[in-house]
Amino acid sequence: MKLSKYALGVSAAAAALLIVAVSSFGSTGPNGKKIEFTTNSKEAKESVAQIVNRIETFQFGPQVNELAKKAVDADPNFAFGYYLLATTANSPAEAKPFADKAVELAKNASDGERRYIEAVLLTRAQKLNEALAIFLDLAKHYPEDRMVQMLLGQVYTNMGKLDEAKAAFERAAQLDGSTPRVYTFLGNVELLKGDYGKARELFNKSLAKQVKDSAPFGPNYGLAYSYIYQGDIKSALKTLEAYQAEYNRSPQQQQFPAVFIWNSIARLHLEFGKPEDAIKAYQSGYETIPGSNLDEVQKKTWLGRMHHGKARSLAKMGKREEAWKEAELIKKMIEEGGKEGEQYWPSYHYLAGYLQLEAGDYAKAVEHLKQTDLTDPFHKLLLARAYEKTGDKTSAQKLYVEITEYNQLTLERALAYPEAKKKLKA
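Note that this is a predicted model, so its numbers are computed, not measured.

(A) Broad picture of the packing of helix α9 (residues 162-175) against helix α10 (residues 181-193). Orientation of α9 relative to α10, taken along the N-to-C sense of each, is 160°, at an axis distance of 9 Å. Compared by their axis directions, α9 and α10 come out roughly antiparallel. As α9 packs across α10, the resulting crossing turns out to be left-handed. Contact residues: α9 offers L162, D163, A165, K166, F169, E170, A172 and A173, while α10 offers V182, Y183, F185, L186, V189, E190, L192 and K193. Each residue belonging to the contact of α9 with α10 can be placed in one class, and the counts come to 11 nonpolar, no polar and 5 charged.

Following this line, the structure appears as structure tokens:
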């Protein structure tokens, strides 16, 4: 299961690019060692300081966007305010005009503010080399600006330059280590480096600094990933189950239900030998949907995901006829969705390929899996398995290499990476 960047309001992915700290905002020292933001509005500054505090302490939600609106209302010419409004928007379509306005207003802002916004937008556009050059120059001119170090660490992480990322995050923690997010990012670096024990230490340090009822995604899932990489599925499940209970007690569940956690629990049961428990978890996840605040399109999407998971689970149980009935139901949902439904065809091919792979029809599995989302490392893993079964070891090895080079921390990577790494050694 994948969450949209905007699925949780200010999701973990969106917030990753809102890397600022209370101590950084609007406080240039006498030597100009921090970026100066161009506003004379006290109310705008206070609103942004509150946004920063909420993001740094994992308190996401619509309140963050409301604070950004207050900052812009207080100073309609505040470029950084519009940048925050874009970052906390509910969708890419909603974010675009605010981002464009931020760029326009930044022409009259301080040099540091203008270039910072430019570099962040380059990062979002995956123009990492261009963004890196700007952040490195900003770090040189503003050596005590924590937000620059945090973004620098993110860019380095995305580029796979883990030692450099670690150094940037450690510098940020040195400048201000009072909030939990920086320790989550440091934990992520250790996950990618393969030091899972160290990663857990950092995630637990992050959790020790969490605000009550914030139920942060990053360190909780980071802990679960660390166990999955080491094959300790029992501990991973225990971690996710505890997080699901914590999430249900938090205000976040009122904005977005805990279905994504239930689906993660289901995935672990499914891929590690307990398909019956997987079905129960998928169903428990979907039970959070009908009474939620999600719109009808999202509710239908989650219904489709429940049937998708059920089909894969039935295939693992050897109930192939029942599994294909679920697959045909999903196919019908996609066809009835018309133009909007077309985006889900790769998901159908993933399911069909999964079912063919479980049935031992490897040629047909390859045919379907080649049409799935091959930016997803787990989809690549399934295709690699199918290639191996058809005797095409060259194609399989190529995919194993790509999986091990994938550096975004997702459940799909955690599920795929250990097997791919092992296969490369074989």
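(B) Inspection of the packing of helix α13 (residues 233-248) against helix α15 (residues 259-271) at higher detail. Taken N-terminus to C-terminus, the directions of α13 and α15 make an angle of 165°; their axes are 9 Å apart at the nearest point. With respect to their mutual orientation, α13 and α15 come out roughly antiparallel. By crossing handedness, the relation of α13 to α15 is classed as left-handed. Here I233, A236, L237, L240, E241, Y243, Q244 and Y247 of α13 come into contact with α15, specifically with F260, I261, W262, S264, I265, L268 and H269. Residue composition of the contact of α13 with α15, by class: 11 nonpolar, 3 polar and 1 charged.

(C) Structural view of the pattern of salt bridges. Applying the stated criterion across every chain, the model contains 22 salt bridges. K364 is paired through a salt bridge with D361; the nearest N and O atoms lie 3.9 Å apart. K364 gets classed as partly exposed once you look at its relative accessible area, which sits at 42%.

(D) Local environment of helix α22 (residues 377-390). Counted at 1.5 Å a residue, the expected span for α22 with its 14 residues is 20 Å, and the 20 Å between its end C-alpha atoms agrees. Looking at α22, one finds that the buried residues are P377, F378, H379, K380, L381, L382, L383, A384, A386 and Y387. Elements that come into contact with the buried residues of α22 comprise α15, α20 (345-359), α21 (362-369), α23 (393-405) and α24 (411-425). Two or three places before F378, at the start of α22, stands the capping residue D376, its side-chain oxygen 2.8 Å from that residue's backbone nitrogen.

(E) Representation of the packing of aromatic side chains within the structure. This structure, assessed with the given rule, holds 21 aromatic pairs. Measuring from centroid to centroid gives 5.8 Å for Y221 and Y225, while their planes differ by 70°, and the two rings are edge-to-face. Here Y221 and its partner Y225 are both found in helix α12 (residues 217-229), 4 residues apart, which amounts to about one turn of the helix. Using a relative accessible area of 3% as the deciding quantity, one classes Y221 as buried. By relative accessible area, which is 7% here, Y225 ends up buried. Judged by centre distance (6.2 Å) and plane angle (85°), the ring pair of Y350 and Y354 falls under edge-to-face. Taken together, the residues Y350 and Y354, both in helix α20 and 4 residues apart, mark about one turn of the helix. Each member of the pair, Y350 as well as Y354, is classed as buried. Seen from the ring of Y354, R312 lies directly overhead, with NZ or CZ sitting 5.9 Å from the centre. Over the ring of Y417 we find R413; its NZ or CZ atom is 4.4 Å from the centre of that ring.

(F) Representation of the nonpolar core. Residues Y225, I228, Y247, F260, I261 and L268 are the most contacted members of the largest nonpolar core, which totals 69 residues. If near-sequence neighbours (up to four positions away) are discounted, L268 is found in contact with I228, I233, A236, L237, L240, L411 and L415.

(G) Structural context of α9. End to end, α9 covers 20 Å across 14 residues, agreeing with the expected 20 Å (1.5 Å per residue, within 8%). Within the sequence span of α9, burial applies to L162, A165, A168, F169, A172 and A173. Looking straight down α9, one finds that the buried residues subtend no more than 140° of arc, so they occupy a single side. Exposed side chains of α9 directed beyond 90 degrees from the buried face belong to D163 and Q174.

Thresholds applied
Residues numbered from 1 in each chain as written. Predicted model: local features only at pLDDT ≥ 70, side-chain atom pairs only at ≥ 80, totals over all residues. Heavy atoms only, no water. Axes fitted to C-alpha atoms, helices over the stretch in contact; angles between N-to-C directions. Helix = DSSP H or I, 4+ residues; strand = E, 2+ residues; numbered from the N terminus. Parallel < 35°, antiparallel > 145°, perpendicular 65-115°, else oblique. Left-handed = near helix turned anticlockwise from the far one by under 90°. Contact = heavy atoms within 4.5 Å. Nonpolar A, V, L, I, M, F, W, Y, C, P; charged D, E, K, R; others polar. Salt bridge = Lys/Arg side-chain N within 4 Å of Asp/Glu carboxyl O. Buried < 20%, exposed > 50% of the residue type's maximum accessible area, 1.4 Å probe, protein only. Expected span 1.5 Å × (residues − 1). Polar contact = N/O pair within 3.5 Å; in protein donor to acceptor, adjacent residues only side chain to side chain. Phe/Tyr/Trp six-rings, centres within 6.5 Å; stacked < 30°, edge-to-face > 60°. Lys NZ or Arg CZ within 6 Å of the ring centre and 35° of its normal. Core = buried A, V, L, I, M, F, W, Y, C linked by side-chain atoms within 4.5 Å. Arc of directions from axis to C-beta.

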